[in-house]
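Here is what each chain is made of, one letter per residue.
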Amino acid sequence: MTVDKKILKELFTRTLKTRLFEEKVWDLFGENIVPGTLHLYLGQEGVAAGVTTALKDSDWIQSSHRGHGHVVAKGADMNAALAELLGKKTGSCKGKGGSMHITQFDVGVLGATGVVASGLPIAVGAALSCQMRKTDDVVVCFFGDGASNNGTFGESLNMSAIWKLPLVWIVENNFYAMGTPIKLTCPSSTVAQRAEGYCIPSQVVDGNNALEVYEATVEAVKRAREGGGPTLIECQTYRMKGHSRFDPAKYRPQEEADHWLSGEKDAVNVIQKIAIEQGAITEKDAEKIREKLQKEVDKAGEFAKKSDFPEPEETLDDVYAEAF
Amino acid sequence: MTEMVYREALKAGIREEMLRDERVFLLGEDIGLNWGGAFKVTKGLAEEFGVERVRDTPISENTIAGAAVGAAITGMRPVAEIMFGDLITLAMDQVCNQAAKMRYMFGGQTSVPLVLRTVFGGGKNIASHHSQSLESWFMHTPGLKVAVPAFASDVKGLIKTAIRDPDPVLFAEHKLVYDKKEEVPDDEYLIPFGEAKVRREGADVTIWGTFIMLHKALEVAEELQKEGISVEVIDPRTLVPLDKKTLIESVKKTGRLVLVTEETKTGATTAEIAAIVQEEAFDWLDAPIKRVNAPDTPVPFSPPLENYFIPDNKRIAQAVRDIV
Ligand SMILES: Cc1ncc(C[n+]2csc(CCOP(=O)(O)OP(=O)(O)O)c2C)c(N)n1
Ligand SMILES: [Mg+2]
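Residues numbered from 1 in each chain as written. Chains lettered and ligands numbered in written order. Predicted model: local features only at pLDDT ≥ 70, side-chain atom pairs only at ≥ 80, totals over all residues. Heavy atoms only, no water.

Draft legend 1. Seen up close, the interface of chain A and chain B. Of the residues lining the interface, 40 residues belong to chain A; the matching set on chain B comes to 43 residues. Of all residues in chain A, Ile122, Met132 and Tyr320 of chain A bury the most surface against chain B, accounting for 19% of the area lost on that side. Our count for the contact surface shared by chain A and chain B stands at zero salt bridges. Where chain A touches chain B, the interface holds 20 residue pairs in polar contact (both at pLDDT 80 or more). Broken down by secondary-structure element, the contributors of at least two residues to the side of chain A that touches chain B are β2 (109-111), α5 (119-132) and α6 (151-162) of chain A. Considering each element in turn, the side of chain A that touches chain B owes the most residues, nine residues, to α5 of chain A. (Contact = heavy atoms within 4.5 Å. Buried area = accessible area lost by both parts, 1.4 Å probe. Salt bridge = Lys/Arg side-chain N within 4 Å of Asp/Glu carboxyl O. Polar contact = N/O pair within 3.5 Å; in protein donor to acceptor, adjacent residues only side chain to side chain. Helix = DSSP H or I, 4+ residues; strand = E, 2+ residues; numbered from the N terminus.)

Draft legend 2. Main features of the sheet that holds strand β13 (residues 257-264) of chain B. Residue and element names in this part refer to chain B. Overall, mixed pairing links the five strands, which are arranged β9-β11-β10-β13-β14 in an open sheet. Each edge of the open sheet carries a strand with a single partner, namely β9 (197-200) and β14 (290-294). On average, each strand axis in the sheet is tilted by 25° relative to the strand beside it, whichever way the strands run. Of the pairings in the sheet, the one linking β13 to β14 comprises four bridges and is parallel in character. Bridging across to β14, valine 258 finds its partner in lysine 290. The strands that helix α12 (residues 313-323) touches are β10 (205-209), β11 (231-235), β13 and β14; relative to β14, the one it contacts most, it runs at about 165°. (Pairing = 2+ DSSP bridges. Axes fitted to C-alpha atoms, helices over the stretch in contact; angles between N-to-C directions.)

Draft legend 3. Layout of the side chain of asparagine 208 of chain A. Examined against the element boundaries, asparagine 208 of chain A turns out to sit in the loop between β7 (202-206) and α8 (210-225). Sequence-distant contacts of asparagine 208 of chain A, defined by excluding residues within four places in its chain, comprise Gly43, Gln236, Thr237, Tyr238, Trp260, Lys265, Ala267 and Val270 of chain A.

Draft legend 4. Summary view of the nonpolar core. Counting residues in hydrophobic clusters, the biggest one holds 84 residues, and the most contacted among them are Trp169 and Leu232 of chain A together with Phe138 of chain B. With nine residues, α5 of chain A is the single largest residue contributor to this core. Residues from two domains meet in this core; each of domain 1 (2-184) and domain 2 (197-323) of chain B gives at least three. Once you skip the residues sitting within four places of it in the chain, phenylalanine 138 of chain B turns out to touch Ile88, Met92, Val95, Cys96, Phe120, Leu144, Val146 and Leu170 of chain B. (Core = buried A, V, L, I, M, F, W, Y, C linked by side-chain atoms within 4.5 Å. Buried < 20%, exposed > 50% of the residue type's maximum accessible area, 1.4 Å probe, protein only. Domains from an automatic or database assignment.)

Draft legend 5. Just the pattern of salt bridges, in detail. All names here are of chain A. Applying the stated criterion across every chain, the model contains 43 salt bridges over all chains. Measuring nitrogen to oxygen at the nearest pair gives 3.3 Å for the salt bridge that ties aspartate 206 to lysine 265. Pair noted here: aspartate 206 is in strand β7 and lysine 265 is in the loop between α9 (254-260) and α10 (267-277), with a separation of 59 residues, a long-range link. The residue lysine 273 makes a salt bridge to glutamate 277 at a minimum N-O spacing of 3.6 Å. Here lysine 273 and its partner glutamate 277 are both found in helix α10, four residues apart, which amounts to about one turn of the helix.

Draft legend 6. Spotlight on the coordination of the magnesium ion (ligand 2). Residues and elements named next belong to chain A. The protein atoms that coordinate the magnesium ion (ligand 2) are Asp145 (OD), Asn174 (OD1) and Tyr176 (O), at distances spanning 2.0 to 2.1 Å. In the primary sequence, the donor residues of the magnesium ion (ligand 2) line up as D-x28-N-x1-Y. You can see aspartate 145 sitting in the loop between β3 (139-144) and α6 and its partner tyrosine 176 sitting in strand β5 (residues 176-177), a full 31 residues away along the chain. (Donors = N, O, S within 2.8 Å, 3.2 Å for Na, K, Ca; no water.)

Draft legend 7. Up close: the pairing of strand β8 (residues 181-184) of chain B. Residue and element names in this part refer to chain B. Every second residue of β8 is oriented toward a common face, the buried set being Glu182 and Val184 and the non-buried set Lys181 and Glu183. Pairing analysis gives four bridges linking strand β1 (residues 2-5) to β8, with the strands arranged antiparallel. Within the sheet, the bridge partner assigned to glutamate 3 lies in β8 and is glutamate 183.

Here it is in structure tokens:
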């Protein structure tokens, strides 16, 4: 596949934007102003950037519990996203959701969910809806290696296959579910192999290479739009940090961590190198893009900090369309 | 007016909504061409509307419910069926964590206009996995509406309201009321949620109950009339929203209350109703509130056991006599 230079630039920009957003979250977290817990997307940016660059605005994504990156890459308003993480009134969920439910419906995010593997059935329904309403929209569902051990994985892959739904299953295999390595919970060497039983074509890609992810997604989205049914793409990647807020991730062997967390494997470096090599951007462009994005992210951080908390009584709002 | 059984009235309501709104579609196990639903509620609809809109699914309760969620938030009006109420346990995440909470945790960004039909109740000797009455679980889940139609003339108007409602509705039916006959209006009618119906007026004692117990209560009321006891019978029709006003007014008139449902006693809807009445009408009570429920056991199989388990006319009558 020859890739348009504009696309390469976009892949670089989205990967970096997602990274800078997450670094900002990490900083705010360091300031101790992020309530509750966090599942950082740091390290996995190549996946969200590669996947979402292959989508059009009206396509949908279903996120997971590690969703900041998905939402930002899909084009979320960063002010509202950061404000949500701080529990502010101006957050996209008015402070009702936080990290695990960070969602911006109007840019095509169906939802982020705190229940592992619960997004898969919802993605089936959204894809069915796209099919029944005769739109050419596609649904992409992100979930982890750990989620592929849940019952909904089998139910939902099966249903997507029998109904030939316009759906792309994205497994973000970061090799761990909290502290449990996937090799202890999955008998096959890849998660992708599991798709075979449902007659779903699958592929394994380097999730830290946004271009590889993009190319696989383009093909899958094309199949989905043309009525060819679902595809599963396993994106192999690695968390830069622990599973959640206070996890130092000591259970990961040093050698393995060194390999994945090397500068060479880093998602931003990987796509920057490709984009420069293929003449899509120069070093200088890369710096400029970084400066511009950093400013945006910093502004979003200020916005979030300055925003007010909701009034306590707002607890009672939005349970039903109309209160009774 | 046409006399028809509950099952037919329910189907007629669904059919009218499918004719009115092409976004309405049905999904569930064996609801289509070959079977027409385990209780034949949807029989004939697949022939009329096609297998796309009356969609047989694999045995995948969690994904049936989840697919309804995904379709609902993206512009469809799904009516999903869980074949037996007991099996809703397999879909609890999608019903109680996803459908019920989405509007709230996403700060009002999403509406989940789905209907989940299922059937509760014993009396058919089909034992512990096919006979429970679990409506209190859903009454206890903020974000869900809960309809409990017990009569043919109500079920049609209630299903139509449920399908048009912007929030998720757990639409509970009961195995023994499907064959109950009543005059049902021919013209289109909708029954608003949150409006109880006084099924029989009386002066001495109020009976509040659900499903088949209401039919029994009406027989008991007739019997007691001969002894000079005048019984008022109230059908809430929906548990969420709950019509407290009609109930409280009745209690203020009669001063006595008997609560009758087929649920096991601990944590049943009757417990909630008793609490509400003592909070809001304590001074009007002339006797302790009586509860008639099943014992706290699973539903047994053998006829003498099941007959012991399910409250009968004698127990209801005795409860009334105990307090007048
Ligand atoms: C159904 C369910 N079980 C357990 C948890 C607790 N939990 C949160 S994240 C997680 C691990 C998920 O692993 P994976 O799917 O690989 O995603 P990752 O965190 O690696 O991105 C667990 C067990 C949960 N949130 N939901
Ligand atoms: Mg994982």
